[in-house]
Amino acid sequence: MAQPSVRFEGGSGIWVAERESVGFVGTTDLGEVEFLITADALAELIDPALDGIDPETAMEGFEEHEDEIHHIARREFVRRLGGEPPILLTSADLDDQ
């Protein structure tokens, strides 16, 4: 079986206040790649009716949906051919789950 282009270890998310996002790191054959998922995208994963969430809820949502977020991050990494890190995942990226 082929190895995924980006690999993730669970539990690596951190709140990045200046970006209002959760940051996490993936590993490729060429090194590490930084990702961010916005609080708005996390709110949509938790409950699409939410208008926004606080940092603590964002982190809880990240932990709860981490496998799904890693799947989205892999897809977006391939779609964007790597791109300039950090790769920002927004609610628009959730549409193609």
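Residues numbered from 1 in each chain as written. Predicted model: local features only at pLDDT ≥ 70, side-chain atom pairs only at ≥ 80, totals over all residues. Heavy atoms only, no water.

Bringing helix α3 (residues 66–79) into the picture now. Side chains three or four residues apart in an α-helix point the same way, a direct result of the helix having 3.6 residues per turn. Look at α3: 20 Å from first C-alpha to last across 14 residues, which is about the 20 Å you get at 1.5 Å a residue. Along α3, the positions that sit buried rather than exposed are Glu66, Ile69, His70, Ile72, Ala73, Arg75, Glu76 and Phe77. A positive phi of about 50 degrees marks leucine 81, the residue just after α3. (Helix = DSSP H or I, 4+ residues; strand = E, 2+ residues; numbered from the N terminus. Expected span 1.5 Å × (residues − 1). Buried < 20%, exposed > 50% of the residue type's maximum accessible area, 1.4 Å probe, protein only.)

For the structure shown, the criterion picks out 3 salt bridges. A salt bridge links arginine 7 to aspartate 29; its shortest N-O distance comes to 3.4 Å. Separated by 22 residues along the polypeptide, arginine 7 in strand β1 (residues 7–8) and aspartate 29 in the loop between β3 (21–28) and β4 (31–38) bring together distant segments of the chain. When its relative accessible area of 23% is taken as the criterion, arginine 7 is described as partly exposed. A salt bridge links arginine 75 to glutamate 76, with the shortest nitrogen-to-oxygen separation between them at 3.2 Å. By the burial criterion, arginine 75 is buried, and glutamate 76 matches it. When salt bridges that share partners are traced, they join Arg75, Glu76 and Arg79 into one network. (Salt bridge = Lys/Arg side-chain N within 4 Å of Asp/Glu carboxyl O.)

The next subject is the side chain of threonine 38. Relative to the elements of secondary structure, threonine 38 occurs in strand β4. Leave out the neighbours within four places in its chain, and threonine 38 touches Glu20, Ser21, Leu88, Leu89, Thr90 and Ser91. (Contact = heavy atoms within 4.5 Å.)

Here we take up the packing of aromatic side chains. Tallied over the entire structure, the rule returns 5 aromatic pairs. Here phenylalanine 24 and phenylalanine 62 contribute two aromatic rings whose centre-to-centre distance is 5.3 Å and whose plane-to-plane angle is 45 degrees, an arrangement assigned as tilted. Taken together, the residues span a long stretch of sequence, with phenylalanine 24 in strand β3 and phenylalanine 62 in helix α2 (residues 55–64) at a distance of 38 residues. Among the residues examined, phenylalanine 24 registers a relative accessible area of 1% and is labelled buried. Ring centres of phenylalanine 35 and phenylalanine 77 lie 6.5 Å apart, and the angle between their planes is 55 degrees; this geometry places the pair in the tilted category. Placement of the pair is phenylalanine 35 in strand β4 and phenylalanine 77 in helix α3, with a sequence separation of 42 residues. Ring pairing ties together the aromatic residues Phe8, Phe24, Phe35, Phe62 and Phe77, which thus form one cluster. (Phe/Tyr/Trp six-rings, centres within 6.5 Å; stacked < 30°, edge-to-face > 60°.)

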